[in-house]
Amino acid sequence: QVQLVESGGGLMQAGGSLRLSCAASGRPLSTLHVAWFRQAPGKEREWITATFWSGGATYYADSVRGRFTISRDNAKNTVYLQMNSLKPEDTAVYYCAAVRYYRTSYNRPDDYDSWGQGTQVTVAS
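Notes on the structure follow. (Residues numbered from 1 in each chain as written. Predicted model: local features only at pLDDT ≥ 70, side-chain atom pairs only at ≥ 80, totals over all residues. Heavy atoms only, no water.)

### Describing the environment of Ala-124
Of note, Ala-124 is situated in strand E11 (residues 119-124). Each C-alpha atom of the pair Ala-124 and Gly-16 lies 9.8 Å from the other, and the pair is 108 residues apart in sequence. Sequence-distant contacts of Ala-124, that is, excluding residues within four places in its chain, are made with Met-12, Gln-13 and Ala-14. (Helix = DSSP H or I, 4+ residues; strand = E, 2+ residues; numbered from the N terminus. Contact = heavy atoms within 4.5 Å.)

### Notes on the packing of aromatic side chains
What describes a pair of aromatic rings is the distance from one ring centre to the other and the angle between the planes of the rings. A full pass over the atoms with the stated rule returns 10 aromatic pairs. Plain terms: the ring middles of Phe-37 and Trp-115 are 5.0 Å apart, the flat faces sit at 50° to each other, and that makes the pair tilted. Highlighted residues: Phe-37 in strand E4 (residues 33-39) and Trp-115 in strand E10 (residues 114-115), separated in sequence by 78 residues. Judged by its relative accessible area of 0%, Phe-37 falls in the buried class. Summarising the aromatic geometry, the rings of Tyr-95 and Trp-115 are spaced 6.3 Å apart at their centres and angled 80° between planes, so their arrangement reads as edge-to-face. Taken together, the residues Tyr-95 in strand E9 (residues 92-99) and Trp-115 in strand E10 connect sequence positions 20 residues apart. Taking the relative accessible area as the measure of exposure, Trp-115 reaches 27% and is therefore partly exposed. Grouped by ring-pair contacts, the aromatic residues Phe-37, Trp-47, Phe-52, Tyr-59, Tyr-95, Tyr-102, Tyr-106, Tyr-112 and Trp-115 constitute a single cluster. The ring centre of Tyr-95 lies 3.9 Å from the NZ or CZ of Arg-45, which sits over that ring. Positioned above the aromatic ring of Trp-115, the side-chain terminus of Arg-45 is 5.0 Å from the ring centre. (Phe/Tyr/Trp six-rings, centres within 6.5 Å; stacked < 30°, edge-to-face > 60°. Buried < 20%, exposed > 50% of the residue type's maximum accessible area, 1.4 Å probe, protein only. Lys NZ or Arg CZ within 6 Å of the ring centre and 35° of its normal.)

### Considering the sheet that holds strand E7 (residues 68-73)
Judged by pairing direction, the sheet is antiparallel, and its four strands sit side by side in the order E1-E3-E8-E7 without closing on themselves. The open sheet has two free edges, formed respectively by strand E1 (3-7) and E7, since each of these has just one partner strand. Direction aside, the axes of adjacent strands within the sheet are offset by 20° on average. Looking at chain direction, E1 and strand E3 (residues 18-25) are connected through five bridges and run antiparallel. In the sheet register, Ser-7 faces E3, and the bridge partner there is Ser-21. (Pairing = 2+ DSSP bridges. Axes fitted to C-alpha atoms, helices over the stretch in contact; angles between N-to-C directions.)

### Observations concerning the pattern of salt bridges
Side chains carrying opposite charge are able to pair once their charged atoms draw close together. Applying the stated criterion to the full structure yields four salt bridges. Here Arg-38 makes a salt bridge to Glu-46, at a shortest N to O gap of 2.8 Å. Its relative accessible area of 6% is what places Arg-38 among the buried residues. For Asp-90, the salt bridge is made with Arg-38, and the minimal N-O distance between the two is 2.9 Å. With Asp-90 in the loop between strand E8 (78-83) and E9 and Arg-38 in strand E4, this pair connects stretches of sequence that are 52 residues apart. (Salt bridge = Lys/Arg side-chain N within 4 Å of Asp/Glu carboxyl O.)

Structure (structure tokens):
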């Protein structure tokens, strides 16, 4: 029922910045927990960050903490991922994901039941 559409991916130089957007439809964003994942070739899908719909809580993986920021604009039904100080190892397909209610965790792909199509981010050295 929830549709997610990502945009903003592209090719950047190391040290640069990029902002990804995830537009949600089908349900108000204010009712959704949202996360970003990424998947590099030959690697498992990696959780990056999550934001809870209540309380404004955000959580980050060690690999991106201090460089990436998740934010949400409920009025626009859009979640953003601001990526700064990009590194070549950030190269991956980035996905946004959403769920209405968490069960036992928030950092695994199975925690989410709605996914975007993915957008490629390539960071050149």
